Amino acid sequence: MAVSFVTLFQWRLNSVLLQQENEILLGVKDQILSLVSKLDEVGSFLGDPFFWTLHARETAKSFLTLSKPELGKKEKEQMVSLIRKLDEVTGVSGDVERIWASYKTWVSEIRGTLREADDYVDDFIVKVYGQTEQDQKESTAEFGSEIENIKSRVSEIMNRSPQLGFSPNLEEDIKKLLRSKFDEGTPLVSCMLSYMNLPYDLKLSLLFCCAFRRVYRKTKADLVRVLVAAGLVQEKSGELREDKAHENLERLVDLGMLEEEVSIWDSYSVPSPYYEFSLSVMNADDFFISTANSDSMIISPMARHVSILEVANTITSMNNLQHSLFVSAKGGLSKASSDCLRTVLHNAKFLRVLDLENTLLKSLPDEIAKLVHLRYLGVTGSNLNELPESIGNLRNLQTLDISWSGYEFELSNGVLNLAQLRHLKMCQSTNDGEVRVPQGISRLRNLQTLEGIYAGGGIAKELGIMTQLRSLEVRCVSDDHADELYVSIMKLTRLQKLSLSVETVNESYDSSSSLEYENSILPCLESFSPPPLLQTLELERRLIELPLWLGSMENLTQLHMCYCHLSENPTTIMQFLPNLKYLRMFNAYKGRRMDKEFFRVGGFPKLEYLYISSDNLVEWTEIEEGALPCLKQLSIFYCMELMLLPEGLQHVTTLRILDMWNVHEDLIRRLSPNGGPENYKIKHIPLVKYLGDMSHGFWGR
């Protein structure tokens, strides 16, 4: 990890040069590029094979300490053997502790220098904002001189770098060691070495995934936005950093270091032992401190990113917090915690990411408006009914997430001053969750994500101008603006995700229908034509019939249908979608029976995740043998009338997970491996999870 803080500062300098608002920096471009070149020398030195062995050794030792209670005898022997062999190959086993101590001292000096330099860059950017042309020239000249001073300090520290004597063939010796000593017989060591060899941008992404665990995990899209805002994705001209962050996460999935959790969370989880390896690095380098809160907890002054979970009474004091603060409360912040938070924010002038979850704040702390470097502000699970006009001071803000806010939340005009805003997520806690936005929202030309809006009052027409949008969620769609909304959406040629939910029509208690939201009908979609790049489509509330154009959406990978209450089999159209991977049907079909016509051979060629929820479903009779050739996970939720799983499920050999939540006890009994007559249908599935009225648990192998 030592090389990562050098690389991150290089990215920071290159990013500064790329920003159009900092054209004044072109006068010191040569000095900046010269410093970047000097940092290349530092990175090359830190990436030396000898230091690689030192880091591998320390990671193994830290992992042993962290995981000792859970490790078996064989795994402990593997790690001890690795440490011994790494000492042997370097030939300095007797001095390794002294060398490691010397190296850490030197690295700490480099790290402190670059941290001060990073702060200086931030201070300069704030200083020149709004200055006269003459003052900007003077400030830029001063900045150029300071860049030269930083370069001189780095050179002087490099001249005092640890002088180490070792074999010139060390790199080749290490490669031979890895090829010959560690193979399939030592999977734990192989995993650790794969982890050690990750490119630094992938390793940083993996660390952030580890920090958000269990109920505090981030969705995939939220994680991408956090990585970008924290500066952990390299900025390149003509390339969206969000795309690069997503690519890095998908590479980790391909390497088996991340697993997709799509049934509920649409997130990632880190499997063992990569989770434990990441914690070892996080603890050793103070890169990301993630912990449950306690009054006695001490946060290292070198910590760049801090996550405090389950805040109850007070928030641990932190001085000079660098980049990120994540706070998740148990059920609101006490007055003491709120006061502590204000103190922390007052001292965190360089903060880039602030995420406050379940705090039930009624107003934003005044200190937030002074965090001019803030790029990500999340205030989910609050009691906010408005944002102060001072929110417009956050001129670098990229993401504003105010999901699940107060009951009467409306967006203030101050948001229109956030010229750098890329992602705006909203949802209030009442009605249909829609949030009214001020006219002029189309002025936000960098906006990629706009979720939770109400499109009435002329906003539907404005959306047609926002052709840069990639994700759009419109709530409370009604007849008075639906046509104009559909025309605007068809102009959004870059749109990849679209969510539409209709205005709820109150139903009288003596209604003859038992179907929830049956009278809330999505306005006619037949005249609508979806944007060509659309990958995710969410339709919520009743459809009279499924639009025919749905079957021609070749790029669609995710389809969510909620409370659509279709009378006819919806899969007759959906099964021809060539790239559909995820299908969620939550009361999408109001019939009581599904037969083999729903899932035929040749249909759904790439479907991996199938989610079915139905208040009405009583029978699911059959799946044709050879159908659903790629299905990995089947989730059956709230199907309390369903008594049998379909015949033919036993032939879906790709299934890895079966989730059954809120299902009938008779269904669980019939499927039980302890004599259940229907167990033959699911015994090939490695993991089966279930929850009934009186039982819950899992069966697995």
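Residues numbered from 1 in each chain as written. Predicted model: local features only at pLDDT ≥ 70, side-chain atom pairs only at ≥ 80, totals over all residues. Heavy atoms only, no water.

A. Main features of the nonpolar core. Counting residues in hydrophobic clusters, the biggest one holds 118 residues, and the most contacted among them are L377 and L472. For this core, the element with the highest residue contribution is helix α15 (residues 479-489), accounting for four residues. L377 has contacts with L354, L364, I368, I391, L394, L397, T399, L400 and D401, leaving out every residue within four places of it along the chain. (Core = buried A, V, L, I, M, F, W, Y, C linked by side-chain atoms within 4.5 Å. Buried < 20%, exposed > 50% of the residue type's maximum accessible area, 1.4 Å probe, protein only. Helix = DSSP H or I, 4+ residues; strand = E, 2+ residues; numbered from the N terminus. Contact = heavy atoms within 4.5 Å.)

B. Inspection of the packing of aromatic side chains at higher detail. Going through the model one piece at a time under the given rule, you end up with 16 aromatic pairs. Here Y486 and F528 contribute two aromatic rings whose centre-to-centre distance is 5.5 Å and whose plane-to-plane angle is 55°, an arrangement assigned as tilted. With a gap of 42 residues between them, Y486 in helix α15 and F528 in the loop between β12 (497-502) and β13 (536-540) connect regions that are remote in the sequence. According to the relative accessible area criterion, Y486 is buried, its value standing at 2%. According to the relative accessible area criterion, F528 is buried, its value standing at 3%. Between F599 and W620, the aromatic rings sit 5.9 Å apart at their centres with planes inclined by 45°, giving tilted as the arrangement. With F599 in the loop between β16 (593-594) and β17 (609-613) and W620 in strand β18 (residues 619-620), this pair connects stretches of sequence that are 21 residues apart. Per residue, the accessibility class of F599 equals that of W620, and both read buried. One aromatic cluster is present, built from ring pairs that chain together Y611, F637, Y638 and W661. (Phe/Tyr/Trp six-rings, centres within 6.5 Å; stacked < 30°, edge-to-face > 60°.)

C. Here's a closer look at the pattern of salt bridges. On inspection of all chains with the given rule, the structure shows 33 salt bridges. Between R160 and E109 there is a salt bridge, with the nearest N and O atoms lying 2.6 Å from each other. Here the residue R160 occupies a position in the loop between α6 (133-159) and α7 (170-181), and E109 occupies one in helix α5 (residues 96-128), the gap between them amounting to 51 residues. When its relative accessible area of 40% is taken as the criterion, R160 is described as partly exposed. Exposure remark for E109: the relative accessible area of 32% places this residue in the partly exposed category. The residue K220 makes a salt bridge to E260 at a minimum N-O spacing of 2.6 Å. (Salt bridge = Lys/Arg side-chain N within 4 Å of Asp/Glu carboxyl O.)

D. Summary view of the packing of helix α9 (residues 200-211) against helix α10 (residues 220-229). Where α9 contacts α10, the axes come no closer than 11 Å and their chain directions differ by 125°. Considering the angle they form, α9 stands oblique to α10. Relative to α10, the crossing made by α9 is right-handed. Residues S205, F208 and C209 of α9 form the contact with α10, whose own contacting residues are L223, V226 and L227. Looking at the contact of α9 with α10 residue by residue, the class counts come to five nonpolar, one polar and no charged. (Axes fitted to C-alpha atoms, helices over the stretch in contact; angles between N-to-C directions. Parallel < 35°, antiparallel > 145°, perpendicular 65-115°, else oblique. Left-handed = near helix turned anticlockwise from the far one by under 90°. Nonpolar A, V, L, I, M, F, W, Y, C, P; charged D, E, K, R; others polar.)

E. Looking closely at the confidence of the model for the protein chain. When the pLDDT values of the protein chain are averaged, the result is 84; 86% of them are 70 or greater. Of all secondary-structure elements in the protein chain, the lowest mean pLDDT belongs to α7, at 60, while helix α14 (residues 459-463) reaches the highest, 96. For the stretch residues 508-512, pLDDT sits under 50, and the model shows zero contacts to residues farther than four places along the chain or on other chains. (pLDDT = per-residue confidence, 0-100.)

F. Broad picture of the pairing of strand β11 (residues 471-477). The element β11 is extensively covered by neighbouring structure, given that seven of its seven residues are classed as buried. As paired elements, strand β10 (residues 449-454) and β11 share five bridges and run parallel to each other. Residue pairing across strands places T449 opposite S471, the latter belonging to β11. Bridge count for β11 against β12 is five bridges, and the pairing is parallel. Bridged to L472 within β12 is L498. This β-α-β element, β11 to α15 to β12, shows right-handed connectivity. (Pairing = 2+ DSSP bridges. Right-handed = clockwise from strand over helix to strand, strands pointing away.)

G. Quick peek at the pairing of strand β15 (residues 582-586). Counting buried residues in β15 gives four out of five residues, a clear majority hidden from the surface. Pairing analysis gives five bridges linking strand β14 (residues 558-562) to β15, with the strands arranged parallel. Looking at β15, one finds that H560 is bridged to R584. As paired strands, β15 and β17 are joined by five bridges and run parallel to one another. Looking at β17, one finds that R584 is bridged to Y611.

H. Spatial organisation of α10. The buried fraction of α10 amounts to nine of the ten residues, a majority that puts the element mostly inside the structure. Of the positions making up α10, those classed as buried are K220, D222, L223, V224, R225, V226, L227, V228 and A229. Following α10 by one or two positions, G231 has its phi on the positive side, about 80°.

I. Local environment of helix α11 (residues 241-254). With 14 residues, α11 should reach 20 Å at 1.5 Å per residue; the first-to-last C-alpha distance of 20 Å fits that figure. Among the residues making up α11, those that are buried are R241, E242, K244, A245, N248, L249, L252 and V253. Here the buried face of α11 lies against α9, α10, β1 (259-261), β2 (267-269) and β9 (423-428). (Expected span 1.5 Å × (residues − 1).)

J. Seen up close, a negative patch on the surface. There is a patch of like negative charges on the surface, built from D479, D480, D483, E484 and E503. Turning to its location among the elements, D480 is positioned in helix α15. Here D480 falls in the exposed class, since its relative accessible area comes to 63%. (Patch = residues over 30% accessible without salt bridge, like charges linked within 9 Å, V, L, I, M, F, W, Y side chains within 5 Å. Areas by Shrake-Rupley, 256 points an atom, 1.4 Å probe, with all protein chains shown as cover. Lys, Arg positive; Asp, Glu negative; His and termini not counted. Charge placed at Lys NZ, Arg CZ, Asp CG, Glu CD.)

K. Quick peek at the environment of F287. Position of F287 among the secondary structure elements: in the loop between α12 (274-285) and β3 (288-292). Accessibility expressed as a relative area gives 4% for F287, which makes it buried. In the structure, F287 is positioned 79 residues away from F208 in sequence and 9.9 Å away in space, judged by C-alpha atoms.

L. Spotlight on unusual backbone geometry. A cis geometry characterises the amide bond from S272 onward to P273, with omega recorded as 5°. Turning to its location among the elements, P273 is positioned in the loop between β2 and α12. In the Ramachandran plot, L360 falls in the positive-phi region, its phi being about 55° despite a non-glycine side chain. L360 gets classed as partly exposed once you look at its relative accessible area, which sits at 38%. Of note, W404 is a non-glycine position whose phi angle comes to about 55°, a positive value.

M. Focus on the environment of R375. Here R375 is to be found in the loop between β6 (353-357) and β7 (376-380). A relative accessible area of 12% means that R375 is categorised as buried. It is 8.5 Å that separates the C-alpha atoms of R375 and L421, two residues lying 46 residues apart in sequence. When neighbours within four sequence positions are excluded, R375 is seen to be in contact with R12, A229, R352, N396, L397, Q398 and T399.

N. Quick peek at the packing of helix α2 (residues 29-46) against α6. Running from amino to carboxyl end, α2 crosses α6 at an angle of 20°, the nearest separation of the two axes being 9 Å. It follows from the interaxial angle that α2 and α6 lie roughly parallel. The hand of the α2/α6 crossing is left-handed. Counted together, Q31, I32, S34, L35, K38, L39, E41, V42 and F45 of α2 and F143, G144, I147, E148, I150, K151, V154, S155 and M158 of α6 form the full contact between these two elements. Its residues assigned to classes, the contact of α2 with α6 comprises ten nonpolar, four polar and four charged.

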